[in-house]
Structures are given as structure tokens and as C-alpha cells.
Amino acid sequence: MDVGQMQRQWIDYTKSLFLEGFLDGQFLQLQQLQDENNPDFVVEVVSLFFEDSERLLKDLTFALNQNGVDFKKVDAHVHQLKGSSSSIGAQRVKNACIAFRNFCEEQNTDACLRCLQQVKQEYCLVKNKLETLFGLEQQIVAAGGSIPTELSFSG
């Protein structure tokens with residue numbers, strides 16, 4: 001596959017992430033902060049999101065499996081996960097966190113456990129999608145190409 005084909009594949013794949021609701025405009029803003037002085041900016045920020053999210057999901061799992069769930073603590077973890085997912089544009093994770101927080105307010109353990117599974121699922125999906133996207137970027141760069149900077153969503 002030549003560089004042009006890889007770049008088109010990257011553009012189509014990136015568009016699909018937006019059209020399917022995995023990412024929102026915040027991710028585009030992150031990409032705009034990346035330049036030749038900081039070529040790995042997006043990968044570094046997203047890697048920190050992965051590390052943070054995995055820690056928070058582990059903490060949430062532990063907190064929800066305690067006798068006498070501390071819903072304030074659970075809500076604080078969900079709030080943090082919602083903020084970090086929002087900051088990288090992981091829209092579906094953020095939306096799952098919004099529903100999760102509502103059940104924390106109601107102190108509904110069963111619903112919180114269901115929401116935790118939903119958040120974990122959305123997190124795993126977006127993580128896999130972003131890892132695929134970054135893999136495509138590495139292939140383009142390895143072939144001597146550059147990552148397209150302009151994404152147009154018409155057509």
C-alpha cells in the first residue's frame with residue numbers, strides 16, 4: 001500500500017470514529033496542538049488517559065464491591081473519569097459516566113455496577129480504536145509520509 005492509500009485509510013478511519021460517536025471535537029483540538037516540535041503530543045496525552053482510566057476503573061470496581069458502598073468516593077472517581085475522557089474527546093466514555101453519576105446520586109448499587117460494565121466496555125472500545133489509529137499513523141510515518149492535518153466531514 002502506498003503512502004497516499006494509507007493516508008486515505010487514516011482519514012476514513014478517523015472520520016468513522018467521529019461518525020460512530022467514539023470521539024468528539026475535543027480530539028480535533030488535541031490534534032491541533034501537535035506540531036513538529038511535539039510530534040507525539042496526542043499519543044502521550046492519550047497514553048496518560050489510558051493509565052488514568054485503568055487506575056480509576058480498578059478503583060471503581062473495588063469501591064462498588066465493598067459492603068456499604070461509599071457513593072461519594074464512587075462519584076468522585078466517576079467524575080474524574082468523566083473529566084479525563086472529556087479532555088481527550090472520548091465522547092462515549094464521557095456519556096456513560098454521566099449516566100453513572102446519576103445512579104451514584106440515587107445510591108443505586110445495582111445500576112452503578114451495570115454502568116461500570118458499560119463504562120469499561122466503552123473504554124475498551126475507544127482504547128482499541130485509538131491504538132489502531134496510532135498504528136496507522138506509525139505506518140504512514142514509517143513509509144515516509146505525514147499525517148493528514150485537515151479533516152473534512154463533508155462527503
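Conventions we followed
- Residues numbered from 1 in each chain as written.
- Predicted model: local features only at pLDDT ≥ 70, side-chain atom pairs only at ≥ 80, totals over all residues.
- Heavy atoms only, no water.
- Helix = DSSP H or I, 4+ residues; strand = E, 2+ residues; numbered from the N terminus.
- Expected span 1.5 Å × (residues − 1).
- Buried < 20%, exposed > 50% of the residue type's maximum accessible area, 1.4 Å probe, protein only.
- Contact = heavy atoms within 4.5 Å.
- Polar contact = N/O pair within 3.5 Å; in protein donor to acceptor, adjacent residues only side chain to side chain.
- Core = buried A, V, L, I, M, F, W, Y, C linked by side-chain atoms within 4.5 Å.
- UniProt positions renumbered as here; feature names shortened; annotations may be inferred.

Focus on helix 1 (residues 3-19)
Spacing of three or four residues puts side chains on the same side of an α-helix, whose turn is 3.6 residues.
Here's step 1: Compared with the 24 Å implied by 1.5 Å per residue over 17 residues, the 24 Å span of helix 1 between its first and last C-alpha is a close match.
Here's step 2: Those residues of helix 1 lying buried are M6, W10, Y13, T14, K15, L17 and F18.
Here's step 3: Against the buried residues of helix 1 lie helix 2 (25-33) and helix 6 (109-142).
Here's step 4: Where helix 1 begins, one side-chain oxygen reaches toward the backbone nitrogen of G4, 3.1 Å away; that side chain belongs to D2.
Here's step 5: Directly after helix 1, the chain includes G21, whose backbone phi takes a positive value near 80°.

Some remarks on the nonpolar core
Here's step 1: Counting residues in each nonpolar core, the largest one holds 42 residues, and the members touching the most others are L23, F27, V46, V74, F100, V119 and L130.
Here's step 2: Counting residues per element, this core draws most heavily on helix 6, at 11 residues.
Here's step 3: Once residues within four sequence positions are removed from consideration, F27 is found in contact with F18, V42, V46, I88, G89, L130 and L133.

Considerations on the UniProt feature "modified residue: Phosphohistidine" (unreviewed entry) in the protein chain
Here's step 1: If you check UniProt for "modified residue: Phosphohistidine" (unreviewed entry), the listed places come out as H79 in our numbering.
Here's step 2: Mapping H79 onto the fold places it in helix 4 (residues 71-88).
Here's step 3: For H79, a relative accessible area of 43% gives the class partly exposed.

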